[in-house]
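# Coordinate inspection notes
If you want the building blocks of each chain, they are given just below.
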Amino acid sequence: MSTSVGSHVTDVLAGFAAWLGKTPLFDFVAGVAWVVPALQTVHILAVAVVIASAAIIDLRVLGLVERDQPLSTVFQRFLPPLAGAVGLLALTGVLLIAGEPTRAIFRVVFWIKLALVATAAALTWGLAAGVRRWPGALGGDRSVSTPLKVAAASTLLLWIVVIVAGRWIGYAVAWAGAPQ
Amino acid sequence: MTLAALTTWLEATPLSQAIAESAWLFPTIESVHVIALTLVVGSISVVDLRLLGWASRDRPAGALIRSIVPVTWGAFALAATSGVLLFTGKPSSYAANPFFLGKLALLALAGLNMAGFHLLLGGRLEGLTGTVRAPAPIRASATASLLLWVGVVALGRWIGFTI
């Protein structure tokens, strides 16, 4: 990020990181050694809920699991835990950032991950809306339309890429000009 | 072969050296490991929560297990393979890490719990429809499974901070 816009973004984020570093939240997360691994454990467990719920929803659309269950029922069962787990991911994510303010937010892959989460979530709820309007959703109909199947496969793939991007935050280096 | 001999032998293999020296191989295998293990834990939780009567209550337990467990096994095979590859990259570091050894112990217990469930309790699943409460041994096994897998995830995360 060598442009003036880039350095402005860095300045704003650096100000935010400096402010975060002075909050009691920072003291709480960074002050005790076990808090960060504990938060990461909860974060991973929430990822497990998201990916398993998404996999069951998307594989059901593809006709690979829960075939004798109506599509609408599968969405009703697995969309609420998926949404709750995304909320828990946001909460633990914010706390992890508060504990290490100069880490994730200065890495490009973190912002890519956030954009991917937004896209995957929008696709998941779009799929739910599409299924609600489709009359076959209420029965045990196995003949799901091809566009719906493509959307389901893409959605699951996106959630998987989110996990990869998340793991890469730990290995990526901060962009030039980021605070140390 | 002792554990020390195994790790020394592994470290000399070209595969171990390739994983240890590459900048991208270890994080790539780790990503696969996280995808696979979250699928394992998430899909097992779906079954355990059903057995405890906390979710999917309208779905007969036996039918749910037959539909979901193949996904769990596929993901487990991937988690185990990627886990072995991660171990191959730094064998002596992992072998000396108490959290790694604890994780293996919890995995063994989770496996025993699952084997016991299928061998001893599998036949009692068919009546589990609607709001019928599962027999106590089934609920105990489901609770143990949930706790063991949370423990596996926690110890796995702790390895990352201590290795």
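Owing to the predicted nature of the structure, the values given are computational and were not obtained by experimental measurement. (Residues numbered from 1 in each chain as written. Chains lettered and ligands numbered in written order. Predicted model: local features only at pLDDT ≥ 70, side-chain atom pairs only at ≥ 80, totals over all residues. Heavy atoms only, no water.)

## Remarks on the overall build of chain A
Rule in force here: Under the DSSP-based scheme used, a helix requires at least four consecutive residues in state H or I and a strand at least two consecutive residues in state E, with every element numbered from the N terminus. In what follows, residue pairs with any heavy atoms lying within 4.5 Å of each other are defined as contacts. Using a 1.4 Å probe, accessible areas were evaluated by the Shrake-Rupley method; residue-level cover was limited to the displayed protein chains.
Looking only at helices and strands, chain A features six helices and zero strands. In chain A, the succession of helices and strands from N to C terminus is α-α-α-α-α-α. Over its C-alpha atoms, taken along the principal directions, chain A stretches across nearly 55 × 40 × 25 Å. Across chain A, the fraction of contacts at a sequence separation of at least 24, relative to all contacts at a separation of at least 6, is 80%. If you sum the accessible surface of chain A, you get close to 8,700 Å²; carbon and sulfur atoms cover 71% of it.

## A few points about the environment of Ile56(A)
With respect to the secondary-structure elements, Ile56(A) resides in helix H3 (residues 35-61). Linking Ile56(A) and Glu66(A), residues ten residues apart in sequence, is a C-alpha distance of 7.8 Å. Other than its neighbours up to four places away in sequence, Ile56(A) contacts Val65(A), Glu66(A), Val74(A), Phe78(A), Val46(B) and Ile68(B).

## Quick notes on the packing of H3(A) against helix H7 (residues 136-162) of chain B
Going by this rule: In this description, a line fitted to the C-alpha atoms serves as the axis of each element, helices being fitted only across the stretch in contact, and the angle between N-to-C directions of two axes falls anywhere from 0 to 180 degrees. By definition in this entry, angles of less than 35 degrees are roughly parallel, angles greater than 145 are roughly antiparallel, angles of 65 to 115 are roughly perpendicular, and the rest are oblique. Each helix crossing is assigned a hand: it is left-handed if the near helix lies turned anticlockwise from the far helix by less than a right angle, otherwise right-handed if that turn is clockwise. The classification used treats Ala, Val, Leu, Ile, Met, Phe, Trp, Tyr, Cys and Pro as nonpolar, Asp, Glu, Lys and Arg as charged, and all other residues, Gly among them, as polar.
Running from amino to carboxyl end, H3(A) crosses H7(B) at an angle of 130 degrees, the nearest separation of the two axes being 9 Å. For the element pair H3(A) / H7(B), the angle class is oblique. You can see that H3(A) and H7(B) cross each other, and the crossing is right-handed. Across the interface between the two elements, Val36(A), Pro37(A), Ala38(A), Gln40(A), Thr41(A), Ile44(A) and Leu45(A) from H3(A) touch Val150(B), Val153(B), Ala154(B), Arg157(B), Trp158(B) and Phe161(B) from H7(B). Class assignment of the residues belonging to the contact of H3(A) with H7(B) gives a composition of ten nonpolar, two polar and one charged.

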